[in-house]
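Notes for the structure review
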Amino acid sequence: MSTVLVGTRKGLFIYANDGEAWRCDRVAHLGVPVPYAVRDRRTGTIWASLDHGHWGVKLSRSTDDGVTWEEVAAPTFPEGSELRDGEPATVKYLWVITPGPEDRPGRLYIGTDPGGLFRTDDDGATWQLEEALWNLPHRKGWFGGGRDEAGIHSVVIDPRDSRRILVAVSCAGVFETLDEGATWRSRNVGLKADFLPDPSAEIGQDPHIVVPGRGDFDTMWQQNHCGVYVSTDGAATWKEVSESDGPAKFGFVVAVDDDDPLTAWLVPADSDGCRVAHGCALSVLRTTDGGQTWTRHTDGLPTPAYDIAYRHALDNRGSTLVFGTTTGNLYASSDRGDTWACLSTNLPMVYSVRFA
């Protein structure tokens, strides 16, 4: 049984495939925006971030596959924390939830807007701000990329060494710790931000998402505001693999093959100034050679089409991929993206898609 958690503007939809067909098994938090949901592989617990707007952010978890839910205290900034001088820091959005490694039971990370990284070591009973990252001297200069404030949307833990963690911040860039958060350094060499006076500036880059190769953690992919990038040295340097005249350029999502880190998929958008499906036709791009070449796949996808996929709205397991769009369409492929089937055209705006 394959299970996919689909976070949307109006609830969490849990889809399952028994080997014959996909179906929507369960709906949770109906009417409430769910930016992100993920299952902790160590415990089976499903975690969901909620965005109540006027009532603020909430954190919820389920230990019975989404049948019942328990509210958990969401992370908050320590008293006296300032976003900028004289402006108190308040958590406005829980952007990503990342379960910890096998050797750290009870640990999870949450990336927030504004750009805080929070950690729990007791399965959500208490949360601590990663102070060293928050107190970087340039942090108060981080700025919003799509949201009013900078936010941490990608948290990557090295399965070989749980002390090594990378985060991606819009807008600031990629940062790495080798000592479990005690110190941090930027990892933005090779990136460009053509909206800055200095496009190659160390700080101010705008990664949309960072995804590592599952079988080769030294290979990482980044869909960036200014192009598609790949690193083969653990994010020490990045190489642009965009197409100058093709669709592999602007977008938000990227997925990486389970076994081959040089195989990746994108859902392209037209441009940062016209955020619709590239060429007004929904498509999925695939590379099998680390971005040297890209192939466009449209079989089963609509044209004309104007919706796009947000940064967490594509995921893959084995030969199966699933992605959702801003107009509530949900698509699945069982043949590595060659052909696609529509699972729904009536969901709310899709924020995240994650295999459970």
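Everything below is about the structure shown above.
To keep things clear, this report deals only with the structure shown in the data block.

Basis of the calculations
- Residues numbered from 1 in each chain as written.
- Predicted model: local features only at pLDDT ≥ 70, side-chain atom pairs only at ≥ 80, totals over all residues.
- Heavy atoms only, no water.
- Helix = DSSP H or I, 4+ residues; strand = E, 2+ residues; numbered from the N terminus.
- Rg over C-alpha atoms; globule rule 2.2 N^0.38 Å.
- Buried < 20%, exposed > 50% of the residue type's maximum accessible area, 1.4 Å probe, protein only.
- Contact = heavy atoms within 4.5 Å.
- Areas by Shrake-Rupley, 256 points an atom, 1.4 Å probe, with all protein chains shown as cover.
- Lys, Arg positive; Asp, Glu negative; His and termini not counted.
- Charge placed at Lys NZ, Arg CZ, Asp CG, Glu CD.
- Salt bridge = Lys/Arg side-chain N within 4 Å of Asp/Glu carboxyl O.
- Disulfide = S-S within 2.5 Å.
- Pairing = 2+ DSSP bridges.
- Axes fitted to C-alpha atoms, helices over the stretch in contact; angles between N-to-C directions.
- Polar contact = N/O pair within 3.5 Å; in protein donor to acceptor, adjacent residues only side chain to side chain.

A count of helical and extended segments in the chain gives one helix and 30 strands. Expected size for 356 residues packed as a compact globule is a radius of gyration near 21 Å; at 19 Å, the chain falls within 12% of this value. Overall, the chain is about 55 × 50 × 40 Å in size when its C-alpha atoms are taken along their principal axes. Of all 356 residues assigned to the chain, the portion counted as buried reaches 58%. For the chain, restricting intrachain contacts to residue pairs at least 6 apart in sequence, the fraction spanning at least 24 positions comes to 48%. In the form shown here, the chain has an accessible surface area of approximately 14,100 Å², with 48% of it arising from carbon and sulfur atoms. Looking at the chain, you have 33 positive and 50 negative side-chain charges, and the mean spots of the two groups are 1 Å apart.

Side-chain pairing between opposite charges can occur once the charged atoms of the two side chains come close. With the rule as written, the count across this model stands at 32 salt bridges. Across the pair Arg160 and Asp158 runs a salt bridge whose closest N-O atoms are separated by 2.9 Å. Owing to a relative accessible area of 52%, Arg160 belongs among the exposed residues under this scheme. With a relative accessible area of 3%, Asp158 lands in the buried category. One salt-bridge network, in which partners are shared between bridges, spans Asp103, Arg104, Arg107, Arg119, Asp121, Glu130 and Glu180.

Before going further, it helps to examine the state of the cysteines. By the definition in use, this model includes zero disulfides. Free cysteine: Cys171, not disulfide-bonded; nearest cysteine sulfur from Cys226 at 8.8 Å.

Spatially, the four strands line up as an open sheet ordered S26-S27-S28-S29, and their pairing is antiparallel. Only two strands of the sheet have a single neighbouring strand rather than two, namely strand S26 (314–317) and strand S29 (341–344). Between one strand and the next, the sheet's axes are offset by a mean angle of 20°, whatever the strand orientation. As defined by bridge partners, S26 adjoins strand S27 (residues 320–324) across four bridges and the pair is classed as antiparallel. If you follow Arg317 over to S27, its bridge partner there is Thr320.

With respect to the helices and strands, Asn17 occurs in strand S2 (residues 11–17). Separated by 3.5 Å, the side chain of Asn17 and the backbone nitrogen of Glu20 make a polar contact. Other than its neighbours up to four places away in sequence, Asn17 contacts Met1, Ser2 and Trp22.

Structurally, Ala255 can be placed in strand S22 (residues 251–256). Ala255 sits in the buried class, given a relative accessible area of 1%. In sequence terms Ala255 and Leu321 are 66 residues apart; their C-alpha atoms lie 8.7 Å from each other. In this structure, Ala255 is in contact with Thr263, Ala264, Trp265, Leu314 and Asn316, ignoring residues within four places of it in sequence.

Note that Arg187 resides in the loop between strand S17 (185–186) and strand S18 (207–212). Judged by its relative accessible area of 16%, Arg187 falls in the buried class. Other than its neighbours up to four places away in sequence, Arg187 contacts Val174, Phe175, Glu176, Ala235, Ala236 and Trp238.

In this structure, the amide linkage connecting Ser170 to the following residue, Cys171, adopts the cis form with an omega of -5°. Along the chain, Cys171 turns up in the loop between strand S15 (165–170) and strand S16 (173–177). Along the chain, Thr303 connects to Pro304 via a cis peptide bond; the corresponding omega equals -5°. Relative to the helices and strands, Pro304 resides in the loop between strand S25 (295–297) and S26. In this structure, His29 is a non-glycine residue whose phi angle is positive, near 55°. You can see His29 is positioned in the loop between strand S3 (22–28) and strand S4 (36–39). Here Ala235, not a glycine, exhibits a phi torsion of approximately 80°, which is positive.

With that settled, consider the sheet that holds strand S24 (residues 284–287). Spatial ordering of the open sheet is given by S22-S23-S24-S25, a layout of four strands whose pairing is antiparallel. The open sheet has two free edges, formed respectively by S22 and S25, since each of these has just one partner strand. Looking at each pair of strands side by side, their axes are set apart by 25° on average, direction ignored. Bridge analysis of strand S23 (residues 264–268) against S24 gives three bridges, and the strand direction is antiparallel. Paired with Trp265 across the strands is Arg286, a residue of S24.

Glancing now at the environment of His153. The topology assignment puts His153 in strand S14 (residues 151–157). Exposure remark for His153: the relative accessible area of 1% places this residue in the buried category. As for His153 and His312, which are separated by 159 residues in sequence, their C-alpha atoms are 8.7 Å apart. With residues near it in sequence (within four places) discarded, His153 still touches Trp95, Val96, Ala168, Val169, Ser170, Pro207, His208, Ile209, Arg311 and His312. Of the polar contacts made by the side chain of His153, one reaches the side chain of Arg311; its length is 3.5 Å.

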